[in-house]
Amino acid sequence: MFMQNLPTKVRINEVATRDGFQSEALFIPTDKKIEIIDRLSLLGLNKIEVTSFVSPKAIPNLRDAEEVMNSITRNPKVTYVTLVPNEKGAERALATKADEVNLVMSVSESHNLSNMRMSCEQSLAQFIRICELMKGSSTRINASLATSFGCPFEGIIAPERVIKVIHQYIDIGIQSISIADTTGMASPRQVYELCSQVRDIFPALDVTLHLHNTRGMGLANALAGLSAGITQLDASLGGIGGCPYAPGATGNICTEDLVHMLESIGLDTGVDLTTLLVMARELPELLEHDISGQVAKAGLRTETRPLSQSVIDLKARIEKH
């Protein structure tokens with residue numbers, strides 16, 4: 001099942017500057033955000049989720065959303081995404097000429113009430129208004145299905161509920177979707193089975209898999225999704241970010257760990273892993289805490305280290321005799 005029918009090319013979307021930075025204890029300076037996004041723009045990533053046009057009172061860390069979007073140097077090969085929570089956010093995104101907006105609704109009614117402070121019916125009604133607002137613009141609309149695999153309040157989510165929401169999204173004009181393991185409750189078999197159903201029912205739909213590593217299964221889930229026909233994955237530099245409703249969450253799957261794994265099994269991501277690691281290793285100083293990514297700490301699996309002089313001397317004595 002897994003590790004079969006893997007795609008040769010995988011698109012990687014970076015979400016650290018939105019999903020990661022929004023929940024940090026420290027405010028990341030605006031000029032530093034711009035610098036990081038500009039550097040990421042040159043690494044072969046498919047999309048960069050830059051920021052969120054949410055109320056500064058709700059998420060103070062992203063209060064500089066307009067300045068960041070208007071100041072980054074855009075690479076035409078990269079899609080620059082902003083998350084929008086409502087019509088006002090969509091208007092702000094249009095004003096900054098975002099390439100794509102991401103709307104979010106939980107498949108779980110309980111999580112949507114906790115996270116978005118509205119029912120799923122109210123969220124969908126708002127999405128309809130946003131789609132109408134954005135008609136005629138060049139900005140694409142992606143919508144995420146949060147808690148597609150599990151909800152901390154309702155438990156494991158049945159695939160039928162996810163399929164139903166995808167139909168609802170398509171009916172109102174959503175152009176692409178993200179299936180999200182928001183609280184890191186997914187297992188590889190579950191990911192494979194849901195993604196297989198989605199690909200069978202919606203073969204032409206552009207689908208992203210958004211995974212968290214809350215319970216250490218993030219990379220295994222990524223492989224399961226790829227085996228099921230998904231070719232696009234979200235990830236976060238250093239593995240930063242996460243959901244406040246997932247106690248002990250380590251955040252999103254780590255971009256550099258994901259790229260390292262995919263490249264090691266012969267898949268093409270097009271991402272400059274060497275420079276990505278340089279950037280990941282700069283994060284602890286910037287954030288003032290450690291990151292969960294492993295490759296930045298351990299190094300590439302192909303790296304070797306020199307023998308100590310004592311071992312060299314021992315080897316020489318053995319060869320001499």
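Since we're looking at a predicted model, the values are computed, not measured.

Thresholds, definitions, all that
- Residues numbered from 1 in each chain as written.
- Predicted model: local features only at pLDDT ≥ 70, side-chain atom pairs only at ≥ 80, totals over all residues.
- Heavy atoms only, no water.
- Pairing = 2+ DSSP bridges.
- Helix = DSSP H or I, 4+ residues; strand = E, 2+ residues; numbered from the N terminus.
- Axes fitted to C-alpha atoms, helices over the stretch in contact; angles between N-to-C directions.
- Contact = heavy atoms within 4.5 Å.
- Parallel < 35°, antiparallel > 145°, perpendicular 65-115°, else oblique.
- Left-handed = near helix turned anticlockwise from the far one by under 90°.
- Nonpolar A, V, L, I, M, F, W, Y, C, P; charged D, E, K, R; others polar.
- Core = buried A, V, L, I, M, F, W, Y, C linked by side-chain atoms within 4.5 Å.
- Buried < 20%, exposed > 50% of the residue type's maximum accessible area, 1.4 Å probe, protein only.

Draft legend 1. Broad picture of the sheet that holds strand β2 (residues 47-52). Strand order around the closed barrel formed by 8 strands is β1-β2-β3-β4-β5-β8-β9-β10, with parallel pairing between neighbours. Adjacent strand axes in the sheet meet at a mean angle of 30° when their direction is disregarded. Where strand β5 (residues 140-146) and strand β8 (residues 176-180) come together, 4 bridges link them in parallel fashion. Bridge pairing in β8 links Asn142 to Ser176. Of the strands in this sheet, β1 (11-14) and β10 (232-235) are in contact with helix α10 (residues 255-264), which crosses β1 at around 170°.

Draft legend 2. Main features of the packing of helix α4 (residues 87-95) against helix α6 (residues 120-133). Where α4 contacts α6, the two axes come as close as 9 Å, and the packing angle between them is 25°. Looking at the two axes, α4 sits roughly parallel to α6. Pair α4 / α6 crosses with right-handed handedness. Of the residues in α6, those touching α4 at Glu87, Ala90, Glu91 and Leu94 are Gln126, Arg129, Ile130 and Leu133. Residue classes in the contact of α4 with α6 are distributed as 4 nonpolar, 1 polar and 3 charged.

Draft legend 3. Examining the nonpolar core more closely. The biggest cluster of nonpolar side chains holds 86 residues, and the ones touching the most others in it are Leu103, Tyr169, Ile177, Leu209, Leu258 and Leu262. With 8 residues, the top contributor of residues to this core is helix α11 (residues 273-287). Beyond its immediate sequence surroundings of up to four residues, Leu209 is in contact with Phe149, Ile179, Val191, Cys195, Asn221, Gly225, Ile230, Gln232, Leu233 and Asp234.

Draft legend 4. Expanded view of the pairing of β2. Burial within β2 is extensive, with 6 of its 6 residues counted as buried. Alignment of β1 against β2, held across 2 bridges, turns out to be parallel. Across the sheet, the residue bridging to Glu14 is Ile48, located in β2. Looking at chain direction, β2 and strand β3 (residues 79-83) are connected through 5 bridges and run parallel. Residue Ile48 lies in a different strand from β3, and its bridge partner there is Tyr80.

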